[in-house]
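Residue strings, one per chain:
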Amino acid sequence: MMLDLDLESVFQEIDHTKSRIGQQYLYNALRKPKGSKVELEKIDEAVEHFSKNPTQVFELQRYLATLDDYEDYYFPFLIFGELPEKLSWLWLVSILQGLTLGSIILAFFNPIFLLVLFAIFPVNIFLHYWNKKKIGRNTRIFNRLSKIYDSAEQIHQIIDPKFVSTSLETDLAEVKDIAKKVAWVKVNKSIQENEAFALAWMIIELVKIVSLTEFSTFYKVIEDINTKRESFHQLFKFIGKTDFILSIASYRSSLSSFSKPIFTEDKKEIQVEEIRHPLLEECVANDLYLENKSLLLTGSNMSGKTTFIRAIGVNVLLAQTIFTTLSEKYQAPFFKLATSIRISDDISEGKSYYLAEVDSINDLLENAKTDEAPFLFIIDEAVSYTHLRAHETEAD
């Protein structure tokens, strides 16, 4: 329950990625705080390494920037999406391919076999374009698969081996094999849109119709992808994490100051000095120290109470995701963060503002029962609306 920390705006602020894949990786990382100091320190080690090697960063970002096409957003579909099932009547396509090839060959000896070819051709046209329509969204990522592979291969050659999985070379080889097959299925926009190559595209399309090779190749590719999804997943993580790390390095360099978190164990405390909110350019920094106790924060309207507690929540999240905080010092254990800040009623469910607040707090408490890790609850003006009504009644 962290949506009321304005994570969308925070994400946009810290997003310095160059690729769509890196952007997706960062977006996901911000919503899954780490619970391991070792994992975060590995991220920090990589960030520090690239911060000291700007030439290498420039080369890596050059290849990452080639993956900025909107269609690159569809890459995770090959990993997690539901791919088309193999057609039970695919054998019929094989028969049609055989008849087409046979009639073309025999036509050289007896022109009457051209009649067989002409009879098959309308069926092939129908199957070709029926299949094109059916596989439409899959061709979006097929159009980019070769580019994704090429960029990953170039990044692999540049990046320090200690930041690369030992299985990456095998994964790249498997994806390369599939990318070659995809070349026949994908639609090349530059050829379609360029009048000079329009005739070449029409000839290629005619060959595909006559031979039905696009039809059969597509399902062979889908079968290969189904058996090698883990390789695609590893490729996605490799590209995404590389861009994610470079983004952290770039974000840190854009800050006037920041600190790396100090994680404590077996101690329920939080100590921050001069903490700031990442969405505010000019703000008053604040300190906070709590140990084995809670905090009730009071003050006049528009004095910054909500902004302060949001700043605490956001920095807890940044500490446990990108190992970076907007403060001079941050010391705390690994928290399970839960918030109840932006609450609204729901007429469609018959839920009043008061009930929405109570349900929200109840959810926090129920979640706390399922985990032994320290929870950090951030609650803004609990049941404030009801109190306001009570005060009005007393005033009357």
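Residues numbered from 1 in each chain as written. Predicted model: local features only at pLDDT ≥ 70, side-chain atom pairs only at ≥ 80, totals over all residues. Heavy atoms only, no water.

Colleague: Is there a simple way to think about the overall build of the protein in this case?
Modeller: Scanning the protein from terminus to terminus reveals 16 helices and six strands. The buried share of the protein, reckoned over its 396 residues, is 43%. Of the contacts made within the protein by residues no fewer than 6 positions apart, 79% connect residues no fewer than 24 positions apart. Total accessible area on the protein stands at roughly 22,000 Å², and carbon and sulfur atoms take up 55% of it. (Helix = DSSP H or I, 4+ residues; strand = E, 2+ residues; numbered from the N terminus. Buried < 20%, exposed > 50% of the residue type's maximum accessible area, 1.4 Å probe, protein only. Contact = heavy atoms within 4.5 Å. Areas by Shrake-Rupley, 256 points an atom, 1.4 Å probe, with all protein chains shown as cover.)

Colleague: Is there a simple way to think about unusual backbone geometry in this case?
Modeller: Most peptide bonds adopt trans geometry, and most residues besides glycine take a negative phi value. Of note in this structure, Asp6 is not a glycine but carries a positive phi near 55°. For Asp6, the position within the fold is in the segment before helix H1 (7–14). Even without a glycine there, the phi angle at Asn292 is positive, about 55°. For Asn292, the position within the fold is in the loop between strand S3 (286–291) and helix H14 (305–319). Owing to a relative accessible area of 59%, Asn292 belongs among the exposed residues under this scheme.

Colleague: What is the right way to look at the packing of H1 against helix H2 (residues 20–30) in this model?
Modeller: When two helices pack together, their arrangement is given by the angle between the helix axes and by the axis-to-axis distance. Contact pair H1 / H2: the axes reach a minimum separation of 11 Å and the direction vectors enclose 135°. The pairing of H1 with H2 is recorded here as oblique in orientation. Note that H1 runs across H2; the crossing there is right-handed. Residues Glu8, Phe11 and Ile14 of H1 touch H2, and the partners they reach there are Gln23, Leu26, Tyr27 and Leu30. Tallied by class, residues from the contact of H1 with H2 come to five nonpolar, one polar and one charged. (Axes fitted to C-alpha atoms, helices over the stretch in contact; angles between N-to-C directions. Parallel < 35°, antiparallel > 145°, perpendicular 65-115°, else oblique. Left-handed = near helix turned anticlockwise from the far one by under 90°. Nonpolar A, V, L, I, M, F, W, Y, C, P; charged D, E, K, R; others polar.)

Colleague: I would appreciate a short explanation of the sheet that holds strand S1 (residues 262–263) in the present structure.
Modeller: Strand pairing in a sheet is mediated by backbone hydrogen bonds. Such pairs are either parallel or antiparallel. Strand order in the open sheet made by the four strands is S1-S4-S2-S3, with mixed pairing throughout. On the outer flanks of this sheet lie S1 and S3, each paired with one strand and no other. In this sheet, strand S4 (residues 329–332) lies alongside S1 in parallel orientation, the contact comprising two bridges. Looking across to S4, one finds that Phe263 is bridged to Ala332. (Pairing = 2+ DSSP bridges.)

Colleague: How should I be thinking about the packing of aromatic side chains in this particular structure?
Modeller: Two descriptors summarise a pair of aromatic rings, namely the distance from one centre to the other and the angle between the planes of the rings. According to the stated counting rule, one finds 15 aromatic pairs in the structure shown. A ring pair is formed by Phe215 and Tyr219, whose centres lie 5.7 Å apart and whose planes are at 40°; its orientation type is tilted. Remark: Tyr219 and Phe215 occur in helix H12 (residues 213–227); sequence separation between them is four residues, near one turn of the helix. The exposure class of Phe215 is buried, given its relative accessible area of 1%. The rings of Trp89, Trp130, Phe215, Phe218 and Tyr219 are connected pair by pair, giving a single aromatic cluster. For the cation-ring pair, Arg62 lies above Tyr63, with the distance from its terminal atom to the ring centre recorded as 4.8 Å. (Phe/Tyr/Trp six-rings, centres within 6.5 Å; stacked < 30°, edge-to-face > 60°. Lys NZ or Arg CZ within 6 Å of the ring centre and 35° of its normal.)

Colleague: Help me understand the nonpolar core, please; the structure alone is not making it clear to me.
Modeller: Soluble globular proteins tend to pack their nonpolar side chains together in the buried interior. Counting 91 residues, the largest nonpolar core has Phe75 and Ile312 as the members making the most contacts within it. Counting residues per element, this core draws most heavily on helix H13 (residues 229–254), at 11 residues. Among all residues touching Phe75, those that are not within four sequence positions of it are Ile21, Ile141, Leu145, Ile148, Phe232, Leu235 and Phe236. (Core = buried A, V, L, I, M, F, W, Y, C linked by side-chain atoms within 4.5 Å.)

Colleague: What is the right way to read helix H7 (residues 113–134) from this model?
Modeller: One turn of the α-helix equals 3.6 residues, which is why residues spaced by three or four share an orientation. The first and last C-alpha atoms of H7 sit 32 Å apart over 22 residues, in line with the 32 Å expected at 1.5 Å per residue. Its maximal kink placed at Ile120, H7 deviates by approximately 25°, while the proline Pro122 follows within four residues. Taken residue by residue, H7 has Leu117, Ile120, Asn124, Leu127, His128 and Asn131 as its buried positions. (Expected span 1.5 Å × (residues − 1). Bend = angle between axes of the 7 residues up to and from the residue.)

Colleague: Teacher, can you tell me more about the confidence of the model for the protein here?
Modeller: Any region with low pLDDT has predicted coordinates that should not be read closely. Across the protein, the average pLDDT comes to 83, with 83% of residues at 70 or higher. When pLDDT is averaged over each helix and strand of the protein, the minimum, 50, is found for helix H16 (residues 384–395) and the maximum, 96, for S4. (pLDDT = per-residue confidence, 0-100.)

Colleague: Just to check I follow, could you spell out a negative patch on the surface for this structure?
Modeller: A surface patch of negative charge is lined by Glu273, Glu274, Asp287 and Glu328. Note on placement: Asp287 falls in strand S3. Residue class for Asp287 comes out exposed when judged on its relative accessible area of 52%. (Patch = residues over 30% accessible without salt bridge, like charges linked within 9 Å, V, L, I, M, F, W, Y side chains within 5 Å. Salt bridge = Lys/Arg side-chain N within 4 Å of Asp/Glu carboxyl O. Lys, Arg positive; Asp, Glu negative; His and termini not counted. Charge placed at Lys NZ, Arg CZ, Asp CG, Glu CD.)

Colleague: Would you take a moment to explain the pattern of salt bridges for this structure?
Modeller: Two side chains carrying opposite charge are able to pair once their charged atoms lie near each other. Tallying each qualifying case throughout the model produces 15 salt bridges. Of the charged contacts, one joins Asp44 and Lys260 as a salt bridge, the two residues approaching to 3.1 Å between their closest N and O atoms. Here Asp44 is found in helix H3 (residues 37–51), whereas its partner Lys260 is found in the loop between H13 and S1, with 216 residues between them in sequence. A relative accessible area of 31% means that Lys260 is categorised as partly exposed. A cluster of three or more residues bridged by salt bridges with shared partners is formed by Asp44, Glu48, Arg252 and Lys260.

Colleague: Whenever I open this one, H14 confuses me. Can you help?
Modeller: For H14, spanning 15 residues, the distance from its first C-alpha to its last is 21 Å, which sits close to the expected 21 Å at 1.5 Å a residue. The buried fraction of H14 amounts to 13 of the 15 residues, a majority that puts the element mostly inside the structure.

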